[in-house]
Amino acid sequence: QTCALPIWVVARALRLAMDGRRVAVNLAGPSIGDERILALVSDAINDGLDPGNVTFEITETAAVSNFESAVQFAGRLSGIGCELALDDFGTGFGSFTYLKHLNMHYLKIDVEFVRDLVISETDRKVVAAIVDIARSLGKRTVAEGVEDAAALAAVRSLGVDFAQGFHIGYPAPLEPLSAAPPT
């Protein structure tokens, strides 16, 4: 049995992207490989969507559990112009394999390495290594869990491209998305 909620979320995100907004959609493990998502994106492109406005985020854990499906799915989304992010990077056990086989545009550095970045030499070395690897492969980096100015300064000093977290902004509702999902 499939869940309608991920499809509803993707459809809403694509409508925002059709209006010129950049959107990022987290895909749960069961959504990876869902042909309905690919069909929604293809239909939206036919209706004028710039696929470069859409980033799909796949967690490293989901990629581990559905590796072949994730490789194929990521390849198809990338092939039609969407961007892809490997979320929670560094938490799995085969990260370099994923970098080699998954066509990702962004590596989202897991909060585990960002949380204590200011006080942990180990975390600074890990983040610096991730940034170096990402750059050498033509990928951009995003630090997750940036909670204060010191953490932001630390990720900037290490060359991280983007940051997200409560220091950057809190979650907020989008006014046109107030309708409840289908039941």
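Rules used throughout
- Residues numbered from 1 in each chain as written.
- Predicted model: local features only at pLDDT ≥ 70, side-chain atom pairs only at ≥ 80, totals over all residues.
- Heavy atoms only, no water.
- Phe/Tyr/Trp six-rings, centres within 6.5 Å; stacked < 30°, edge-to-face > 60°.
- Helix = DSSP H or I, 4+ residues; strand = E, 2+ residues; numbered from the N terminus.
- Buried < 20%, exposed > 50% of the residue type's maximum accessible area, 1.4 Å probe, protein only.
- Pairing = 2+ DSSP bridges.

A. Structural view of the packing of aromatic side chains. In the structure shown here, the tally under the stated rule is 2 aromatic pairs. Centre to centre, the rings of F166 and Y170 are 4.7 Å apart; their planes meet at 15°, and the pair counts as stacked.

B. Layout of the environment of P30. Considering the arrangement of structural elements, one finds P30 in the loop between β1 (23–27) and α2 (35–46). Separated by 32 residues in sequence, P30 and A62 place their C-alpha atoms 8.2 Å apart.

C. Inspection of the pairing of strand β4 (residues 106–109) at higher detail. Both faces of β4 are covered, namely the face carrying Y106 and K108 and the face carrying L107 and I109. Taken together, the 3 bridges between strand β3 (residues 83–89) and β4 define a ladder with parallel strand orientation. Pairing of A85 across the sheet is with Y106, part of β4. In this structure, β4 lies alongside strand β5 (residues 140–143), joined through 4 bridges in parallel fashion. If you follow Y106 over to β5, its bridge partner there is R140.

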